[in-house]
Amino acid sequence: MIDFHCHLDLYPDPHAVAAAAQEDEVVVLSVTTTPSAFAGTAALAAERPMIRTALGLHPELAHQRGHELALFDKLVATTSFVGEIGLDGSPRFALTRTAQADVFTHILRTCADVGGRILSIHSRSAVQPVLEALQANRCSGIPVLHWFTGSARQAQIAIDQGCWFSIGTPMLTTAKGRELVAGLSRDRVLTETDGPFATRNGRPLIPRDVADTISLLAELWMIEITEAEAKVVANMRELLASQS
């Protein structure tokens, strides 16, 4: 199974969650929210080959942690994955949009300078500016839009621009979400939890919970669960091969 967007370092007991993911044989992309968190988070992957660590600077923190871009530039050569990055257009962060854009653009340009990275991207209430930034920095790598909530038209534009999508259970439990996911190219779909932020019955999702996402995808795609799981695994292999 694949959990392509999980904040391992933000669980109450990160080592326990990381150990369980390894035991459960879930491939995890462990995203970070600041460059200064990267080293400690990467330590969770030590002797756990199922886990890969992404270097990030979350848009909600861009106005506070912009000074860490120098550290980002130093560390980016050590990983093939970058995330969580992007833009957030929520009203709560309206006053930080310029700082967010500056940080996001810097990161995309830095990734382009090192040959491109696989990018896990936040685009809440900011799909259009995210797509515009990606179009302006096409050599930054392969974008994977995490928890995408844009329109069907925006999804098609994203697909045309080469974007992928990481899908979690919350997206598949609403009619709007299912309709959106149904319109995505199956060849561009990965699974995620976004734990510990995404929850079920008050419990933070953990990597093994992508099994529920697979079941819901199988139902939506009208195929067997084993076929849906195999498709997501094949997609992951294709993504990695495209960046190698």
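Residue numbers restart at each chain and count upward from 1, following the sequence in its written direction. Since the coordinates come from a predicted model, pLDDT governs what is reported: local features require at least 70, and pairs of side-chain atoms require 80 or more to be given and counted, while whole-chain, interface and lining totals use all residues. The basis for the side-chain values is all heavy atoms of the structure; hydrogens and waters are excluded.

Quick rundown of the pattern of salt bridges? Include the residues and the values.
Oppositely charged side chains are able to pair whenever their charged atoms sit close together. Just to be clear on terms, a salt bridge is a Lys or Arg side-chain nitrogen sitting within 4 Å of an Asp or Glu carboxyl oxygen. Scanning the model with the defined rule gives 8 salt bridges in all. We note a salt bridge from D24 to R208, for which the minimum N-O separation is 2.8 Å. Here D24, found in the loop between α1 (14-23) and β2 (27-30), pairs with R208, found in the loop between β10 (203-204) and α9 (210-221); they are 184 residues apart in sequence, far enough to count as distant. Its relative accessible area of 28% is what places D24 among the partly exposed residues. Starting at the N terminus, helices and strands are each numbered in turn, a helix being any DSSP run of H or I of at least four residues and a strand any DSSP run of E of at least two. Any residue under 20% of the maximum accessible area for its type is buried, any over 50% is exposed, and the rest in between are partly exposed; the area is computed with a 1.4 Å probe on protein chains only.

Describe in detail the environment of A16, supporting the description with residues and values.
Tracing the chain through its elements places A16 in helix α1. Exposure remark for A16: the relative accessible area of 40% places this residue in the partly exposed category. Taking the C-alpha atoms as reference, A16 lies 9.6 Å from L44; in sequence the two are 28 residues apart.

Got a sec to walk through the sheet that holds β2? Specific residues and values, please.
Think of a sheet as strands paired side by side through backbone hydrogen bonds, with each pair either parallel or antiparallel. Taken together, the 3 strands give an open sheet; going across it, the order is β1-β2-β3, and neighbouring strands pair in parallel fashion. Two strands in the sheet have a free side with no partner beyond their single neighbour: β1 (2-6) and β3 (51-53). Here the average twist between neighbouring strands, direction ignored, is 15 degrees. Relative to β1, helix α10 (residues 225-243) is tilted by about 65 degrees, and along the sheet it contacts β1 and β2. A pair of strands is treated as paired once DSSP finds two or more bridges between them. What counts as an axis is a line fitted to C-alpha atoms, over the stretch in contact for a helix, and the angles between N-to-C directions run from 0 to 180 degrees. In what follows, residue pairs with any heavy atoms lying within 4.5 Å of each other are defined as contacts.

An account of the nonpolar core is needed here, citing residue identities and associated values.
Residues F4, F104, I107 and L145 are the most contacted members of the largest nonpolar core, which totals 57 residues. Ignoring sequence-local partners within four residues, the contact set of F104 consists of I85, G86, L87, I121, V130, A133 and L134. Y11, V17, V26 and I206 belong to the second-largest nonpolar core, a separate cluster that totals 13 residues. Only buried residues count toward a nonpolar core, which is a set of Ala, Val, Leu, Ile, Met, Phe, Trp, Tyr and Cys residues joined through side-chain atoms within 4.5 Å.

Hey, could you go over the sheet that holds strand β6 (residues 141-146) for me, with residue numbers and the actual values?
Here we have 5 strands laid out as an open sheet, ordered β4-β5-β6-β7-β8, and parallel in their pairing. With one partner strand each, in any of the chains shown, β4 (81-86) and β8 (189-191) form the two edges of the open sheet. This sheet shows a mean twist of 30 degrees between the axes of neighbouring strands, independent of strand direction. Pairing geometry for β6 and strand β7 (residues 164-167), over 3 bridges, is parallel. What sits directly across from L145, in β7, is F165. Helix α5 (residues 97-113) contacts β4 and β5 (117-122) of the sheet and is inclined by roughly 160 degrees relative to β4. Taken strand by strand, α10 contacts β4, β5, β6, β7 and β8, and its axis lies near 110 degrees from that of β8.

How would you explain the pairing of β2 if you had to name every residue and give the values?
In the sheet, β1 pairs with β2 via 3 bridges, with the strands oriented parallel. Bridge pairing links I2 to V27 in β2. Here 3 bridges tie β2 to β3, and the two strands are oriented parallel to one another. Looking at β3, one finds that V28 is bridged to I51. Handedness of the β-α-β unit built from β2, helix α2 (residues 38-43) and β3 comes out right-handed. By definition, the crossover connecting two strands over a helix is right-handed if that path, from the first strand to the second, turns clockwise as seen with the strands pointing away from the viewer.

Describe the environment of P35, and please don't skip the residues or the numbers.
Among the structural elements, P35 can be located in the loop between β2 and α2. For P35, the residues in contact, after removing those within four places along its chain, are L55, G56, L57, E68, L71, F72 and L75.

Explain the packing of aromatic side chains to me, and be specific about the residues and the numbers.
Aromatic pairing here means that ring centres of Phe, Tyr or Trp (its six-membered ring) are within 6.5 Å. Orientation follows from the plane angle: under 30 degrees is stacked, over 60 is edge-to-face, and everything else is tilted. Across all of its chains, the model carries 1 aromatic pair by this definition. Where F148 meets F165, the ring centres are 5.4 Å apart and the plane angle is 75 degrees; that geometry is what we call edge-to-face. Of the two residues, F148 is situated in the loop between β6 and α7 (152-160) and F165 in strand β7; the sequence distance between them amounts to 17 residues. Here F148 falls in the buried class, since its relative accessible area comes to 1%.

Keep in mind these values describe shape, not function.
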